[in-house]
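Descriptive analysis of the structure
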Amino acid sequence: MSENTEILLEVENLQKFFGDRHVLNGISLQVKRGEVTVILGPSGCGKSTLLRCLNGLEPVQGGTIHYLGQNLTGEHVNWREIRQHIGMVFQNYELFPHMTVIENILLGPLKAQKRDSKEALQQAETLLDRVGLLARKNDYPRQLSGGQKQRIAIVRALCMNPDIILFDEVTASLDPEMVREVLDVILGLANQGMTMLIVTHEMGFARSVGDRIVFMDQGKICEIADPEQFFTEPATERAQQFLNIFEYNKL
Amino acid sequence: MPNSGVEVLFEGSNFERLLGGLLVTIEIAFISIMIGTILGVVMGLLRTVPTRSLRLLLRLYLEAFRIIPILVWLYVVHFSFSPLLHIDISGETTAILVFSLWGAAEIGDIVRGALESMPKHQAESGKALGLSKGQLYRYVLIPQAVRRMLPGAINLATRMVKTTSLVVLIGVIDVVKVGQQIIELGVIKAPNASFWVYGLIFILYFLVCYPLSVLSRKYERRWQS
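Residues numbered from 1 in each chain as written. Chains lettered and ligands numbered in written order. Predicted model: local features only at pLDDT ≥ 70, side-chain atom pairs only at ≥ 80, totals over all residues. Heavy atoms only, no water.

Overview of the UniProt feature "domain: ABC transmembrane type-1" (unreviewed entry) in chain B
When the UniProt feature table is mapped to this numbering, "domain: ABC transmembrane type-1" (unreviewed entry) covers residues 22-216 of chain B. Split by type, residues 22-216 of chain B is 80% helix and 0% strand. Its first and last C-alpha atoms lie 22 Å apart. (UniProt positions renumbered as here; feature names shortened; annotations may be inferred. Helix = DSSP H or I, 4+ residues; strand = E, 2+ residues; numbered from the N terminus.)

See below:
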């Protein structure tokens, strides 16, 4: 199918500095439509920064990012427009505390996209129902658990009908028993063919949801591999070391 | 009960005079809060600019009002500046001037605090939805900043209402002064008058400030997340 080979995002030789620190050093990556890319790596390897560069939350100092052929690293990039196509879900949900669930979800569609309110509301309710939270639509974020908030944040991103969603360690702040409900939602999206870039520390999840694994260390991509291969016989020594941390051998 | 003194409240025009005094109190407080809020918002925004010298200056201004008693400010303006500059400003104008400047300093600090405490991620979250800068401020940042500011601002308003009682000392006839006059006038005839007069003033202040206090608590409860 031609649709499956369409390249949505193309990153080439991306460079990013925080002061003297070289946070991203020559990142090159392609994302095809419908593909689920999981980015793994030790803390501080630059994986979250990479995601933030992809929707313009961080400026870059070199290299290029193309979205459907459009250069995002040149001047006069209309990020407002681009961000409607490249959604993002944050580690700490970042719902707006002064708005109800439904107001949170509809803010983007109504104000940024200026969509018809009836149509947007219908979509929002359908999506809420799918994550099992339709009954909570008039609640405020403070009345919800962490897992529920994160599911709402995913719905909020989905309701913009984006081409790609970036997930930045979305389960890292959750209590263990709530991780599952959020990962299930993301797995569901993967099955529907949503294009996603996922930064996570959940190895089992990475293995089951990812079409491929991108392993990063010290601002560079060390290897890109099929999940089965990455978790059974990683090509690089660095990845081997990284995976060993997650193994608990009996003493 | 003979001569309890309560009737002094309703003798002649005493009650109306007390209410008139209260009106002066409310007027000074209200005008000062209005002017102080407008100046304070500007000052709060200026206190978040990168220019260090400007920030330092405004910080000193705030400290000047926190460290020096308001009474001293009233004296300095009323008894030192106006003769020195040969301008004749009434006690009431002095009071409004000093209270407005005080309000501006404190509101400025509240605005600065609210702006600085706004998590950076809230702005990013709005941006990630494709909101424009204007929309971001209008729908996400300003509503939250106002919610953070309101309890502090209302608290300040009650403090200002209470502190207006100092204006007696620069000759303004406010509710406390009217009360004193009534008591002094009837000191022989009704020695218990002070109990009733101050009792009424007590209740009047309470009636003005309590609704503000309730309002502040209501918002604090509703908006804490």
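Let's talk about the interface of chain A and chain B
On the chain B side, the residues contacting the 22 residues of chain A number 21 residues. Between chain A and chain B, a total of about 2,000 Å² is buried, with carbon and sulfur atoms accounting for 59% of that surface. For the pair chain A and chain B, the interface holds one salt bridge. Here E124 of chain B and R52 of chain A are joined by a salt bridge, their closest N and O atoms 2.6 Å apart. Counting across the interface, chain A meets chain B through eight residue pairs in polar contact (both at pLDDT 80 or more). When residues of the side of chain A that touches chain B are traced back to their parent elements, those giving at least two are α2 (79-83) and α3 (101-112) of chain A. Considering every element that reaches the side of chain A that touches chain B, the biggest residue donor is α3 of chain A, with four residues. Classifying every residue of the side of chain A that touches chain B by side-chain character gives ten nonpolar, four polar and eight charged. (Contact = heavy atoms within 4.5 Å. Buried area = accessible area lost by both parts, 1.4 Å probe. Salt bridge = Lys/Arg side-chain N within 4 Å of Asp/Glu carboxyl O. Polar contact = N/O pair within 3.5 Å; in protein donor to acceptor, adjacent residues only side chain to side chain. Nonpolar A, V, L, I, M, F, W, Y, C, P; charged D, E, K, R; others polar.)

Section: the sheet that holds strand β3 (residues 36-40) of chain A
Residue and element names in this part refer to chain A. The six strands lie next to each other as β6-β7-β8-β3-β9-β10, forming an open sheet whose pairing is mixed. Across the chains shown, the open sheet's two edge strands, defined by having one partner strand only, are β6 (86-89) and β10 (220-225). For this sheet, the mean angle separating the axes of adjacent strands, direction not counted, is 20°. As paired strands, strand β7 (residues 164-168) and strand β8 (residues 195-199) are joined by five bridges and run parallel to one another. What sits directly across from I165, in β8, is M196. Across the sheet, helix α5 (residues 146-158) touches β6 and β7, and the angle it forms with β6 is around 170°. (Pairing = 2+ DSSP bridges. Axes fitted to C-alpha atoms, helices over the stretch in contact; angles between N-to-C directions.)

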